[in-house]
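What the coordinates show
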Amino acid sequence: MTTTAPRAVTAACTRRLRGLIEEIRETVDRGLPPDLTAYLVGERLAPHLGAPDLLTAEHCEGDPDRYRQHLLHAEADGSFSLVALVWLPGQQTSVHDHLSWCTTGVHAGEESERRYRLISDGRTARLVATEDVVNPQGTVCGFAPPGDIHRVSNSGTGKAISLHVYGADLARLGSSIRRVYRLPEER
């Protein structure tokens, strides 16, 4: 019986992007806790943000109807994926949380983020907004569940592009979103 080894999924990419993927791989392969991994991946991601030779023109294409996800790489062992999200003005996510740790970096434009805390008394639940953040080009942040409920949007007048590294196989899963919240929101 012949078995085939899993293969990494990598979009056509630039030399800089291949180097970034290798840097992320080295960090993830250390096997550290999720929150520390997210932080260290952010340190690797930050120097590449804004570099004109990081993404191809195709990776920067948006969609007029919704933000667009370009899968740039999914590691063969499922340990991480790298995507570019392209946001046209006014586009946003639903309120959601994630399957795994995540590191994000704003490559172009700026993104707005509203963070939430889930409050439940066992019978009813609601979301309480805890922070509004504007992330300009070059901003990096990392997080790990639980406590990662948020909504991200492009509240600017131009295109925004962000890179997201997830500790999950998005080639297989299709999305990093664990749950979408449709609950009352409070400020």
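The numbering scheme is per chain: residues are counted from 1 as the chain's sequence reads. Reporting in this predicted model follows two pLDDT cut-offs: at least 70 for local features of residues, and 80 or more for side-chain atom pairs to be given and counted; totals over whole chains, interfaces and linings ignore these cut-offs and use all residues. Each side-chain value is worked out from all heavy atoms of the structure, with water and hydrogens disregarded.

The next subject is the state of the cysteines. In this description, a disulfide is simply a cysteine sulfur pair whose atoms lie within 2.5 Å. Following the criterion strictly, the structure yields zero disulfides and no others. In this model Cys102 remains outside any disulfide bridge; the closest cysteine sulfur is found in Cys141, 7.3 Å from its own. Burial classes: relative accessible area under 20% of the type maximum marks a residue as buried, over 50% as exposed, and values in between as partly exposed (1.4 Å probe, protein chains only). Cys102 sits in the buried class, given a relative accessible area of 1%.

Further remarks concern empty space enclosed by the protein. In this analysis, the protein atoms alone were mapped onto a 1 Å grid. Cavities are point sets where a 1.4 Å probe fits without being able to get out; pockets are open sets with protein on both sides within 12 Å along at least five of seven lines; lining residues have an atom within 4 Å of a point. Grid points are joined across faces, edges and corners, and a volume is the space filled by probe spheres set on the points. Across all of its chains, the model carries one cavity of 30 Å³ or more by this definition. In this structure, the largest cavity encloses a volume near 90 Å³. Counting only elements with at least two residues in the lining of the largest cavity, the list comes to β5 (102-108), β6 (110-120), β8 (140-143) and β9 (149-153). Top element by residues in the lining of the largest cavity is β5. It accounts for three residues. Tallied by class, the residues present in the lining of the largest cavity amount to four nonpolar, six polar and two charged. By the criteria applied, helices consist of DSSP H or I runs no shorter than four residues and strands consist of E runs no shorter than two, each listed in order from the N terminus. Residues are grouped as follows: Ala, Val, Leu, Ile, Met, Phe, Trp, Tyr, Cys and Pro are nonpolar; Asp, Glu, Lys and Arg are charged; all remaining types, including Gly, are polar.

To qualify as a nonpolar core, a set must consist of buried Ala, Val, Leu, Ile, Met, Phe, Trp, Tyr and Cys residues joined through side-chain atoms within 4.5 Å. Within the largest apolar cluster, 24 residues are counted, with the highest numbers of intra-cluster contacts made by Leu17, Leu20, Ile24, Leu55, Leu82, Trp101 and Leu163. Among the elements of the structure, α1 (15-28), α2 (34-45), β3 (81-87) and β10 (160-166) are those that each provide at least two residues to this core. No other element matches α1, which puts five residues into this core.

With that settled, the discussion passes to the side chain of His150. Of note, His150 is situated in strand β9. Under this definition, polar contacts are N or O atom pairs within 3.5 Å; protein pairs additionally need one hydrogen-donor-capable and one acceptor-capable atom, and for neighbouring residues in sequence, both atoms have to be side-chain atoms. Of note is the side chain of His150, whose polar atom sits 2.7 Å from the side chain of Glu113. Those residues in contact with His150, other than ones at most four positions away along the chain, are Thr93, Ser94, Val95, His96, His98, Glu113, Arg114, Arg115, Tyr116 and Phe143. A contact between two residues is defined here by any heavy atoms of the two lying within 4.5 Å.

A few words on the pattern of salt bridges. When the charged atoms of two side chains with opposite charge come close together, those side chains can pair. By convention in these notes, a salt bridge is any Lys or Arg side-chain nitrogen within 4 Å of a carboxyl oxygen on Asp or Glu. Considering all chains together, one arrives at ten salt bridges under this definition. In this structure, the salt-bridge partner of Glu131 is Arg115, at a minimum N-O distance of 3.0 Å. Within this pair, whereas Glu131 is found in strand β7 (residues 125-136), its partner Arg115 is found in strand β6, the two being separated by 16 residues in sequence. Look at Arg115 and you get partly exposed, because its relative accessible area is 25%. One salt-bridge network, in which partners are shared between bridges, spans Glu22, Arg25 and Glu75.

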